[in-house]
Structure formats: structure tokens, C-alpha cells
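Architecture and fold: a report
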Amino acid sequence: MAGGPGSGKGTQCEKIVAKYGYTHLSSGDLLRAEVASGSERGKQLQAIMQKGELVPLDTVLDMIKDAMIAKADVSKGYLIDGYPREVKQGEEFEKKIGKPCMLLYVDARGETMVKRLMKRGETSGRSDDNEETIKKRLDLYYKATEPVIAFYEGRGIVRKVDSELPVDEVFGQVAKAIDAL
Ligand SMILES: Nc1ncnc2c1ncn2[C@H]1C[C@H](O)[C@@H](COP(=O)(O)OP(=O)(O)O)O1
Ligand SMILES: [Mg+2]
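Parameters and conventions
Residues numbered from 1 in each chain as written. Chains lettered and ligands numbered in written order. Predicted model: local features only at pLDDT ≥ 70, side-chain atom pairs only at ≥ 80, totals over all residues. Heavy atoms only, no water. Helix = DSSP H or I, 4+ residues; strand = E, 2+ residues; numbered from the N terminus. Buried < 20%, exposed > 50% of the residue type's maximum accessible area, 1.4 Å probe, protein only. Polar contact = N/O pair within 3.5 Å; in protein donor to acceptor, adjacent residues only side chain to side chain. Contact = heavy atoms within 4.5 Å. UniProt positions renumbered as here; feature names shortened; annotations may be inferred. Near = heavy atom within 4 Å. Areas by Shrake-Rupley, 256 points an atom, 1.4 Å probe, with all protein chains shown as cover. Nonpolar A, V, L, I, M, F, W, Y, C, P; charged D, E, K, R; others polar.

Quick word on the side chain of glutamine 89
Topologically, glutamine 89 is positioned in helix H5 (residues 87-96). For glutamine 89, a relative accessible area of 2% translates into the label buried. Among the polar contacts listed, one links the side chain of glutamine 89 to the backbone nitrogen of arginine 85, at a separation of 2.6 Å. Beyond its immediate sequence surroundings of up to four residues, glutamine 89 is in contact with Val55, Leu57, Tyr83 and Pro84.

Comments concerning the UniProt feature "binding site: ATP" (unreviewed entry) in the protein
Per the UniProt annotation, the sites labelled "binding site: ATP" (unreviewed entry) are Gly6, Ser7, Gly8, Lys9, Gly10, Thr11, Arg120 and Leu165. Among the secondary structure elements, lysine 9 is positioned in helix H1 (residues 9-20). Its relative accessible area of 12% is what places lysine 9 among the buried residues. Apart from the residues lying within four places of it in its own chain, the contact partners of lysine 9 are Met1, Ala2, Gly3, Gly4, Asp81 and Val106. From its side chain, lysine 9 meets the backbone oxygen of glycine 4 in a polar contact 2.8 Å long. Summarising the element assignment, glycine 10 is placed in helix H1. In this structure glycine 10 comes out as partly exposed when scored by relative accessible area, which is 37%.

Considerations on the site of ligand 1
The immediate surroundings of ligand 1 are formed by 15 residues, with Gly6, Lys9, Thr11, Arg120 and Leu165 found nearest. The contact in question runs from an oxygen atom of ligand 1 to an N or O atom on the backbone of glycine 8, over 3.1 Å. One nitrogen or oxygen atom from the side chain of arginine 120 is found 2.6 Å from an oxygen atom belonging to ligand 1. With the chains in place, 75% of the 550 Å² that ligand 1 exposes on its own is no longer accessible. Mapped by element, the contributors of at least two residues to the shell around ligand 1 are H1, helix H6 (110-121) and helix H8 (167-179). In terms of residue count, H1 provides more of the shell around ligand 1 than any other element does, 3 residues in total. When its residues are assigned to classes, the shell around ligand 1 shows 5 nonpolar, 7 polar and 3 charged.

Now the structure itself:
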């Protein structure tokens, strides 16, 4: 899954899991779980995430890999949300884990993403859902993450969905892309 902060990745992932039973791995959720554990590593991660910056590549990749291995016996396939955040992360993923078969690009306008995140911030309890951090996350998304989409476009595996539409209509497009796999 690729798409800006607040574009609707988490929302669509939930629906994908319900329909297709894939193993959903959200790099953000994995990191937030580490923070919640109160570990030393969690404290360092918390400081980075609060600033809206990217955590070190190896840390995220190791966490994803561990989570994938833990489900290897039972998984019907993996749905990875929020990774890669930059081209280098995509290259490392392929070296250490493997090549993705599809990149779902959840596309929404910057203005829409800000609005959704501000609204989500009212109840999410996420320390990065505030106006200042949201701006930084968006800037970083356009600078670092959008090139990831171009990288996979070159391979012909990008499927774009219009996340300006209501959730169920977006999911209609998502399901069509997955069914064609
Ligand atoms: N298609 C859509 N229309 C309206 N609101 C949507 C939407 N998709 C998601 N949302 C809402 C749900 C959340 O409160 C907020 C951000 O969605 P999310 O799934 O948490 O995004 P992401 O995981 O990409 O950061 O926007
Ligand atoms: Mg999310």
C-alpha cells in the first residue's frame, strides 16, 4: 500500500483483510506497538515519530521481516501498509525479503489528507496527528515516498485507486485490482 498520510491506507487495509484474509502488516502499527511497550528502542522511536521523521531503515525492515516470518505458516499473502517510505527502503526490502506483486496506490489530494488527519487527530490519540507534524509528514511524503510509486510504475505493478471517493467506492476499485492479480 502506498499513499500519503491520511489518504486512507489503514481504512482500505481493514477491508482487504476482511475480504481476502491477507496478513496485514502496518509499519506504523508495528512501530507504535514498540513505543507502547515502553522499551528503550521504543523511546527513541517515539522521539523520531513525534517529529514526523522517518525511523532508521534497518529497524523498520527487521520488524516487518520478523512479523512476516511469525505468520509464514498460515499466511495467505502479505499486505504491507506504510512501507517502503523511500526508494532505498524498497530496494532493501527486495534484497532481504522479496519482490512485491502489486503496489496499491491510494491517491488523495494534499488538502483532503490534511482535513482527514486533523479530524482523525480528535480521537486517534496519535501524537503525530497535529497540524505541525502533519505538514512535515506531507512534505516528506511528496519528497521521499512519491518517488517510490514511480519506481514501481517502471515495473508495471502499480494500481491506483481514487481515495477522494467514499470508502466503499474506493474499496470497489481496490477489490477489482486484487481480483485481477
Ligand atoms: N475514502 C475516504 N473518505 C472519507 N474519509 C476517509 C476515507 N478513507 C479514510 N478516511 C478517513 C478515516 C480516517 O479518519 C482518516 C485517515 O484514514 P487512514 O485510513 O487512517 O489513513 P492512512 O492509514 O493512510 O494514514 O480519513
Ligand atoms: Mg495508517
